[in-house]
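Spelled out, the chains give:
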Amino acid sequence: MISLDEAVTARLESHGARFEVLVDPDAALAIKRGEFEGDLEDVIAAEDVFENASRGDRPAESDLEKVFDTTDPLEIIPDVITRGEIQITAEQRREMQEQKRKQLVDTIARNAVNPQMDNAPHPPERIENALEEAGFTVDPMETVESQVDDALDDLRPVIPIRFEEVTIAVQIPAEYAGSAQAQVRQFGDLEREEWQADGSWIGVVTFPAGMQNEFYDVVNEHSSGEAETELIKDKDDIQTR
């Protein structure tokens, strides 16, 4: 379950009665869209249905039966969310908006590059400042993914930016290959790998271009700076297996 501070109220009024449940805001939006795949008990603040959640008042069981044909909260809660409205306070809206803004900046920073600077990543601070300059408003009630394209459209007149992937080959000495290659695999799609006779490991991995600096930092950290990397310009040169 989540804490009360993290929850928003979903409210449904039907048959002259009111029903309220306390739920994580992102989960509530996913449930409304039919996209929620998690465990309901992990995203609610109470396994209960209220008439007035702020006071803790509960509806009559007869009203539950009349509207939902059950008194089981875990069956009723998704129905309230799907058919009802999500209620958020001004403070909750500000907090959700700020959280979504940070997530949006992180998503763009990890995927975007500056085409005028040899496809170098944009620092998150630059993206955040550019969004502010562009006047982009994050919608706290929409997913980050659904807002990325609109954000990019607003960013392009302010900074040179585009989404791109890079493919990098890395050779890790035998001494570090075991742990370091596991870290490399996590960055994206492993196009090719090969263990050498001396125990070293060669891998070719494709991932969002904005993660280049993070990739080099991780490779250097896990190989004591002894790994060798090469940016692959043409993926057609890679023989995958």
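Keep in mind that this is a model prediction, so the values were computed, not measured. (Residues numbered from 1 in each chain as written. Predicted model: local features only at pLDDT ≥ 70, side-chain atom pairs only at ≥ 80, totals over all residues. Heavy atoms only, no water.)

Novice: Summarise the UniProt feature "domain: Ribosome maturation protein SDO1/SBDS N-terminal" (unreviewed entry) in the protein chain; cite the residues concerned and give the values.
Specialist: The UniProt feature table records "domain: Ribosome maturation protein SDO1/SBDS N-terminal" (unreviewed entry) at residues 7–94. Here residues 7–94 is 38% helix and 19% strand, with 14 Å between the C-alpha atoms at its ends. (UniProt positions renumbered as here; feature names shortened; annotations may be inferred. Helix = DSSP H or I, 4+ residues; strand = E, 2+ residues; numbered from the N terminus.)

Novice: Lay out the packing of helix 7 (residues 174–185) against helix 8 (residues 212–223) in plain terms, naming residues and giving numbers.
Specialist: Running from amino to carboxyl end, helix 7 crosses helix 8 at an angle of 165°, the nearest separation of the two axes being 9 Å. Classed by the angle they form, the pair helix 7 and helix 8 counts as roughly antiparallel. The element helix 7 and its partner helix 8 pack so that their crossing is right-handed. Together, Tyr-176, Ala-180, Gln-183 and Val-184 of helix 7 and Phe-215, Val-218, Val-219, His-222 and Ser-223 of helix 8 make up the contact between the two elements. Residues that form the contact of helix 7 with helix 8 fall into these classes: 6 nonpolar, 3 polar and no charged. (Axes fitted to C-alpha atoms, helices over the stretch in contact; angles between N-to-C directions. Parallel < 35°, antiparallel > 145°, perpendicular 65-115°, else oblique. Left-handed = near helix turned anticlockwise from the far one by under 90°. Contact = heavy atoms within 4.5 Å. Nonpolar A, V, L, I, M, F, W, Y, C, P; charged D, E, K, R; others polar.)

Novice: Residue-level account of the UniProt feature "domain: Ribosome maturation protein SDO1/SBDS central" (unreviewed entry) in the protein chain, with values.
Specialist: UniProt marks residues 102–164 with the feature "domain: Ribosome maturation protein SDO1/SBDS central" (unreviewed entry), using the numbering shown here. Secondary structure across residues 102–164 divides into 46% helix and 11% strand, with the first and last C-alpha atoms of the span separated by 21 Å.

Novice: Please provide a residue-by-residue account of the packing of aromatic side chains, values included.
Specialist: Per the counting criterion, the structure on display carries 6 aromatic pairs. Here the aromatic rings of Phe-19 and Phe-68 are separated by 5.0 Å at their centres, their planes lie at 75°, and the arrangement is edge-to-face. On the criterion of sequence distance, the pair formed by Phe-19 in strand 2 (residues 17–23) and Phe-68 in helix 2 (residues 61–68) is long-range, its members being 49 residues apart. Residue classification places Phe-68 among the buried residues on the basis of a relative accessible area of 10%. Of the aromatic side chains, those joined through ring pairs into one cluster are Phe-187, Phe-207, Phe-215 and Tyr-216. (Phe/Tyr/Trp six-rings, centres within 6.5 Å; stacked < 30°, edge-to-face > 60°. Buried < 20%, exposed > 50% of the residue type's maximum accessible area, 1.4 Å probe, protein only.)

Novice: Can you lay out the domain arrangement of the protein chain for me, pointing to particular residues and giving the numbers?
Specialist: Each assigned domain of the protein chain is listed with its residue range as follows: domain 1 (8–87), domain 2 (90–163) and domain 3 (165–237). If you average the C-alpha positions of domain 2 and of domain 3, the two centres end up 28 Å apart. Every contact between the two is made by 7 residues of domain 2 and, on the other side, 7 residues of domain 3. Buried area between domain 2 and domain 3, summed over both chains or domains, comes out near 550 Å², and the portion from carbon and sulfur atoms is 51%. Contact with domain 3 buries surface across domain 2, with Arg-110, Asn-111 and Pro-121 losing the most and accounting together for 74% of the total. Taken together, the links from domain 2 to domain 3 amount to 1 salt bridge. With a shortest N-O distance of 3.2 Å, Arg-110 and Glu-214 are connected by a salt bridge. (Domains from an automatic or database assignment. Buried area = accessible area lost by both parts, 1.4 Å probe. Salt bridge = Lys/Arg side-chain N within 4 Å of Asp/Glu carboxyl O.)

Novice: So what's going on with the pairing of strand 1 (residues 8–14)? Residues and values would help.
Specialist: Most of strand 1 is tucked away, with 5 of its 7 residues classed as buried. As paired elements, strand 1 and strand 2 share 7 bridges and run antiparallel to each other. Each bridged residue has a counterpart across the sheet, and for Arg-11 the counterpart in strand 2 is Glu-20. Taken together, strand 1 and the strand that follows it, strand 2, pair antiparallel across an intervening segment of 2 residues, in which His-15 is found at a positive phi of about 55°. As paired elements, strand 1 and strand 3 (residues 85–87) share 3 bridges and run antiparallel to each other. (Pairing = 2+ DSSP bridges.)

Novice: Give a description of the pairing of strand 9 (residues 201–208) that names residues and reports values.
Specialist: The buried fraction of strand 9 is high, at 8 of 8 residues. With 8 bridges connecting them, strand 7 (residues 165–172) and strand 9 associate as antiparallel partners. Within strand 9, the position partnered with Val-170 by the bridge is Gly-203. Where strand 8 (residues 189–195) and strand 9 come together, 6 bridges link them in antiparallel fashion. When the sheet's bridge partners are listed, Leu-190 is paired in strand 9 with Val-205. Between the end of strand 8 and the start of strand 9, which pair antiparallel, lie 5 residues, with Gly-199 showing a positive phi angle near 90°.

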